[in-house]
Structure formats: structure tokens, C-alpha cells
Amino acid sequence: MAKGINNLIGIMAIILGLIVIAFPLVSVLTLSILTGLGIIVLGIWFFAQSYHAWSKNLAVGIADLLLGIFAILFGIVFVGNVPAFEFLTFLALYIVGLFLIIAGLMALFSGKDLKARGIGILGIIFGLLYLIIGFYVANPLFLAVIIGAFLILAGIMEIFIVQEED
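These lines cover the structure that appears in this document, whether it is placed above or below. Everything quoted here is computed from the prediction, not taken from an experiment. Counting starts from 1 at the beginning of each chain's written sequence and moves along it residue by residue. It should be noted that, the model being predicted, local features are given only for residues of pLDDT at least 70 and side-chain atom pairs only at 80 or more, the latter also being counted only at that level, while totals for whole chains, interfaces and linings use all residues. Only heavy atoms go into the side-chain values, all of them from the structure, while hydrogens and water stay out.

**Describing the environment of Ile72**
So, step 1. Helix and strand assignments come from DSSP, with helices taken as H or I runs of at least 4 residues and strands as E runs of at least 2, each series counted from the N terminus. Mapped onto the elements, Ile72 comes out in helix α3 (residues 58–78).
So, step 2. A sequence separation of 28 residues divides Ile72 from Ile44, and the C-alpha atoms of the two residues are 7.4 Å apart.
So, step 3. Contacts between residues were defined by any pair of non-hydrogen atoms, one from each residue, lying within 4.5 Å. Other than its neighbours up to four places away in sequence, Ile72 contacts Ile40, Gly43, Ile44 and Phe47.

Below, the structure written as C-alpha cells:
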């Protein structure tokens, strides 16, 4: 049963990652919507992780839940709000990067299996990339590419890395 759910979550992450990468620059409005939805999807992913982690480690479950709430709230701010998106693009890179680093550290230090540690390392790496891109690059295309790439790689790991039995 758990493997089927892992496969479903992995496939959804891959599809969402491809969608985010495929349609990043249709227009500024679309980009603000996609960025907001991408951050909301990241928040939903944190919620899913909190549900999974809750029974194993209450502190990590609560932290994932709080990160999910904050990510969804920030995503709602960006959806369709072009002036806010233009003003906060760089801030969004830093916020998402920070969320990814925190989630990556939580997964790395609380994970007992290879998949959790791998996703943790990916979160840290992609979070650092967000911070670097936020500092050097003014093109928000990279935001969608990094979110998409993270979702694709996390989805692949969710499907193909065998989880150790608890």
C-alpha cells in the first residue's frame, strides 16, 4: 500500500515539475500565477510530508506543517498579483530557498532511510541555488526551472528509492 502511495506522489511531483518548467514565461501574469501555484504546491508537499513524518517524529511533523502553512500563504500572495510579484520576485527566491534548506535539513537529520536523506540533500542544494540565483539573476524563469527540477528529482526518488521498513 505504501509503495503505491509513494509512486502516486512521485508521479504527481514529476508531472507538476514538468508543468512548472514547460510554461514559465507565457506572460507576467501567468508567471505570477505559476509561481504562486508552485509555492502552494510546495506547501502541499510540506503538508504531505508532515502527515508522513507525524507518526515518526512529532517535531518534524509540526515543522513541516508550519512550513506548509507559510508556503501556501506566500503562494496565495503571488497568485495573479503582478505588482506584488514584480516587487517580491527576488524575495520569493530567498523565501523558497530558505524553505527548501530548512526542509532539507529536517529530512537529512531526521531521515533514517536513504530516500529521506537524499531528498534532504536535494532540498539543501536547491535551496542554496535559489539563494544564489536570487542574488545574481533577475530572470524569474529560473524560479520555475528550479521548482520543477526539484519536484521531478524528488518524484523520481519517491518512486525508485526503496524505503526501509520501520
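Having put the structure on the table, let's press on.
**Comments concerning the packing of aromatic side chains**
So, step 1. Ring pairs shown here join Phe, Tyr and Trp side chains whose ring centres sit within 6.5 Å, with only the six-membered ring taken for Trp; geometry is labelled stacked below 30 degrees between planes, edge-to-face above 60, and tilted in between. Inspection of the entire model under this criterion finds five aromatic pairs.
So, step 2. Centre to centre, the rings of Phe46 and Phe99 are 6.3 Å apart; their planes meet at 85°, and the pair counts as edge-to-face. On the criterion of sequence distance, the pair formed by Phe46 in helix α2 (residues 28–54) and Phe99 in helix α4 (residues 82–110) is long-range, its members being 53 residues apart.
So, step 3. Judged by centre distance (6.2 Å) and plane angle (55°), the rings of Phe74 and Phe99 are tilted. Taken as a pair, Phe74 in helix α3 and Phe99 in helix α4 lie far apart in primary sequence, 25 residues in all.
So, step 4. For every residue, the accessible area obtained with a 1.4 Å probe (protein chains only) is divided by the maximum for its type, and the residue is called buried under 20%, exposed over 50%, and partly exposed between those limits. A relative accessible area of 32% means that Phe74 is categorised as partly exposed.
So, step 5. Here the aromatic cluster, defined as three or more aromatic residues joined through ring pairs, consists of Trp45, Phe46, Phe74, Phe99, Phe126 and Phe150.

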